[in-house]
There are 2 protein chains.
Amino acid sequence: MTSTKDRILETSLSLFNRQGERNVTTNHIADALGISPGNLYYHFRNKGTIVAALFDRYQLQLLALLEAPQGPLSWQVKVHYFEGLLASMWQYRFFHRDLSHFLHADPALAARYQQFVETVLVRGTVIYEELRSSGILALDDEQLQGLMVNTWVLMSSWAALIHGLRPDAAADEGLDERLMRHGVYQIICLEEPFLKGEAREHLAEMKARYRAADNTSELLLGHMPRLDRTGSE
Amino acid sequence: MTSTKDRILETSLSLFNRQGERNVTTNHIADALGISPGNLYYHFRNKGTIVAALFDRYQLQLLALLEAPQGPLSWQVKVHYFEGLLASMWQYRFFHRDLSHFLHADPALAARYQQFVETVLVRGTVIYEELRSSGILALDDEQLQGLMVNTWVLMSSWAALIHGLRPDAAADEGLDERLMRHGVYQIICLEEPFLKGEAREHLAEMKARYRAADNTSELLLGHMPRLDRTGSE
């Protein structure tokens, strides 16, 4: 049976993702659960402690995904990683949308976030090295490092980027999910030049799996881009 | 002679960049200029209008850089673009650090930002197409689009990313600038697989020009990465 604490976290996550963390109060969360605010405060003394507890869950989920792989890797393993990344990005999208706000508001969370990024970079590098030694990627050490950092920038920034460009997605879960899937497509674009062998043969299939629109600019802007003459107005 | 309005903008920009926009009040700005708060309010009714006016300047500067190029391009033109990008990122870094906050707080600014991103994507694509037809980049249309979007994600997110990971850089302008330069290095890493001809011959030189550390993770974290056993604590 799910504990009240777990139910508070699950409901908060769902409300934060759909309505934005700033627009959700602890009273909204208690209302949605049909419990008293006093009962909620018994488990979490304020909204910040809920955000921090959700960060713990996000961290555990992503780091489990990045456990050192067992044995040689195949191109299918890349699908596994992409699906896992997408699930994490989607499930905790409120967190990445307002990341800089959360880090600014809670120094303890910021310290844990730095530790988390460190672990992600180390484990991600191990995985890229395994992909290289399994003959899936062809790159030198400097290129591997550059790719790892760029993948992290893209993954951790994508939710905020689309949130700023497509505010309408907040009220349209289908659109929001397409936008997040396209973030995985952009990660595939990063890796593409380094793919070889079987992984390269399956590149078109991988791109098609996550591509949410033929024209990325159109997807990000909500219309076909027009060349603006003045650059302002 | 510089007008009071210009002086207010220049001083605000400098204070925002060094101290963070949230920590700077209109009284701080008036103090730094040796003018009365009333004089400042005569020109700008609140801090938000100063941020919006600085966004206009940032936009004009970046869009001027992205004017359609004249004639065939050389690898030196890439240096010109990188230097211009770096100057804009550095000069208006406060804006990119807290971008999602500004867009959330000011819907009119958010609308102008969307228009700006649209123009950047269109003009950036024109430049990448010119680089391709000048024999500097070898890529197909889909790869070009993917590269354009990933370059924009990296450029617009880098300041916030390093701000979250290296809060110590706020008090160390030399470190802060090295971190921003390394953002250009990461953009070069994005383009590297597609470079050909003379541009490829000068790749090592370009990388060396912007690389701020041999180990990017070490630069971002402030120490050599350690493999964390638990992933939490």
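Note on numbering: residues in each chain are counted from 1, in written sequence order. Written order determines the labels here, with chains lettered from A and ligands numbered from 1. Only residues with pLDDT of at least 70 are given local features in this predicted model, and only at 80 or more are side-chain atom pairs given and counted; all residues enter the totals for whole chains, interfaces and linings. Processing note: side-chain calculations cover all non-hydrogen atoms of the structure and skip hydrogens and water entirely.

*Asks:* Quick one: what's the story with the overall build of chain A, residue by residue and with numbers?
*Replies:* Think of it this way: any DSSP run of H or I at least four residues long counts as a helix, any run of E at least two long counts as a strand, and we number them from the N terminus. When helices and strands are tallied, chain A shows 13 helices and 0 strands. Helices (α) and strands (β) of chain A occur, in sequence order from the N terminus, as α-α-α-α-α-α-α-α-α-α-α-α-α. Judged by the C-alpha coordinates and their principal axes, chain A covers about 60 × 50 × 30 Å. Summary of the burial criterion: residues with accessible area below 20% of their type's maximum are buried, those above 50% are exposed, and those between are partly exposed, where the area comes from a 1.4 Å probe applied to protein chains only. Here chain A, with 233 residues, has 55% of them falling under the buried criterion. At a minimum sequence separation of 6, the contacts of chain A that also span at least 24 residues come to 70%. Computed over 23 positive and 29 negative side-chain charges, the inter-centroid distance for chain A is 4 Å. By definition in these notes, contact holds between two residues if any of their heavy atoms fall within 4.5 Å. We score Asp and Glu as negative and Lys and Arg as positive, and we do not count His or the chain ends. By convention, the point assigned to a charge is CZ for Arg, NZ for Lys, CD for Glu and CG for Asp.

*Asks:* Please set out the relation of the copies chain B and chain A residue by residue, giving values where relevant.
*Replies:* Copies overlap after least-squares fitting; the atoms used are the C-alpha atoms of residues with pLDDT of at least 70 in both. Once chain B is rotated about the relating axis by 180° and shifted along it by 0.0 Å, it coincides with chain A to within an RMSD of 0.0 Å. Such a combination of rotation and displacement between the chain copies is what one expects of a two-fold axis. Counting the interface residues of chain B, we find that 100% of their copies in chain A are interface residues as well, pointing to one common contact surface.

*Asks:* Give me the lowdown on the interface of chain B and chain A, citing residues and values where you can.
*Replies:* Taken together, the contact pairs 60 residues of chain B with 60 residues of chain A. The term buried area means the drop in 1.4 Å probe accessible area that two parts suffer when joined, counted for both and summed. Buried area between chain B and chain A, summed over both chains or domains, comes out near 4900 Å², and the portion from carbon and sulfur atoms is 55%. Criterion for a salt bridge: a side-chain nitrogen of Lys or Arg within 4 Å of a carboxyl oxygen of Asp or Glu. At the boundary of chain B and chain A, one finds 4 salt bridges. Pairs of N or O atoms within 3.5 Å make up the polar contacts considered here, provided that, within protein, one atom can donate a hydrogen while the other can accept it, and that residues adjacent in sequence are counted only when both atoms are side-chain atoms. Taken together, the links from chain B to chain A amount to 19 residue pairs in polar contact (both at pLDDT 80 or more). Broken down by secondary-structure element, the contributors of at least two residues to the side of chain B that touches chain A are α4 (47-65), α7 (99-105), α8 (107-133), α9 (141-165), α10 (173-191) and α13 (216-221) of chain B. It is α9(B) that contributes the most residues to the side of chain B that touches chain A, 15 residues altogether. Here the term charged refers only to Asp, Glu, Lys and Arg, the term nonpolar to Ala, Val, Leu, Ile, Met, Phe, Trp, Tyr, Cys and Pro, and the term polar to all other amino acids, Gly among them. Of the residues in the side of chain B that touches chain A, the class split is 24 nonpolar, 21 polar and 15 charged.

*Asks:* Kindly report on the side chain of S157(B), identifying the contributing residues and their values.
*Replies:* With respect to the helices and strands, the residue S157(B) is situated in helix α9. For S157(B), a relative accessible area of 8% gives the class buried. Looking at S157(B), its side chain comes within polar contact range of the main-chain oxygen of V153(B), at 2.7 Å. Setting aside anything within four residues of it in sequence, one finds S157(B) in contact with V153(A) and S157(A).

*Asks:* Talk me through helix α12 (residues 203-210) of chain A; I want residue IDs and the actual numbers.
*Replies:* Turning to α12(A), its buried residues are L203(A), M206(A), K207(A) and Y210(A). Viewed along the axis of α12(A), the buried residues span an arc of 95°, placing them on a single side of the element. The inward-facing, buried residues of α12(A) contact α5 (75-91), α10 (173-191) and α11 (197-201) of chain A together with α9 of chain B. Along the arc lie the directions from the helix axis toward the C-beta atoms.

*Asks:* Could you give an account of the domain arrangement of chain A, with specific residues and numbers?
*Replies:* Interface size, as often reported, equals the accessible area lost upon joining of the parts. Residue and element names in this part refer to chain A. Each domain's limits were defined by an automated method or a database of domain assignments. When cut into domains, chain A gives domain 1 (1-45) and domain 2 (52-221). Each of domain 1 and domain 2 has a C-alpha centre, and the two are 28 Å apart. Every contact between the two is made by 11 residues of domain 1 and, on the other side, 14 residues of domain 2. Interface area for domain 1 against domain 2, summed over the two sides, is near 1100 Å², with a carbon-plus-sulfur share of 53%. It is L9, L13 and N17 that lose the most area in domain 1 upon contact with domain 2, and together they represent 47% of the buried surface on that side. In this structure, the connection of domain 1 to domain 2 is made through 2 salt bridges. A salt bridge links D98 to R22; the shortest N-O distance between them is 4.0 Å. Here domain 1 is connected to domain 2 by 5 residue pairs in polar contact (both at pLDDT 80 or more).

*Asks:* Got a sec to walk through the pattern of salt bridges? Specific residues and values, please.
*Replies:* As enumerated under the stated definition, the model contains 27 salt bridges over all chains in all. In this structure, E67(B) and R123(B) form a salt bridge, with 3.9 Å as the shortest nitrogen-oxygen distance. With E67(B) in the loop between α4 and α5 (75-91) and R123(B) in helix α8, this residue pair connects regions lying 56 residues apart in the sequence. Of the residues examined, R123(B) reaches a relative accessible area of 11% and is grouped as buried. The network of salt bridges with shared partners includes E142(A), E192(B), K207(B) and R211(B).

*Asks:* Describe in detail the environment of H202(A), supporting the description with residues and values.
*Replies:* All names here are of chain A. Here H202 shows up in the loop between α11 and α12. Classification of H202 by relative accessible area gives buried; the value is 18%. One polar contact links H202 to W75, side chain to side chain, over a distance of 3.4 Å. A polar contact of 2.9 Å, which involves the side chain of H202, links it to the side chain of E205.

*Asks:* With reference to specific residues and values, describe the side chain of D176(A).
*Replies:* All names here are of chain A. Examined against the element boundaries, D176 turns out to sit in helix α10. Classification of D176 by relative accessible area gives buried; the value is 6%. Of note is the side chain of D176, whose polar atom sits 3.3 Å from the side chain of R93. Residues in contact with D176, not counting those within four places in the same chain, are W90, R93, R97, I162 and A169.

*Asks:* Can you tell me about the packing of aromatic side chains, naming the residues and giving the values?
*Replies:* The pairing test for Phe, Tyr and Trp rings, Trp by its six-membered ring, is centres within 6.5 Å, and the orientation test on the planes gives stacked under 30 degrees, edge-to-face over 60, and tilted for anything in between. According to the stated counting rule, one finds 28 aromatic pairs over all chains in the structure shown. Through a chain of ring-to-ring contacts, the aromatic side chains of F16(A), F55(A), Y58(A), Y92(A), F94(A), F95(A), F102(A), Y113(A), F116(A) and W152(A) assemble into a single cluster. Note on criteria: charge over ring means Lys NZ or Arg CZ within 6 Å of the ring centre, with the direction from the centre no more than 35 degrees off the ring normal. The side chain of R93(B) reaches across the aromatic face of W90(B), ending 3.5 Å from its centre.

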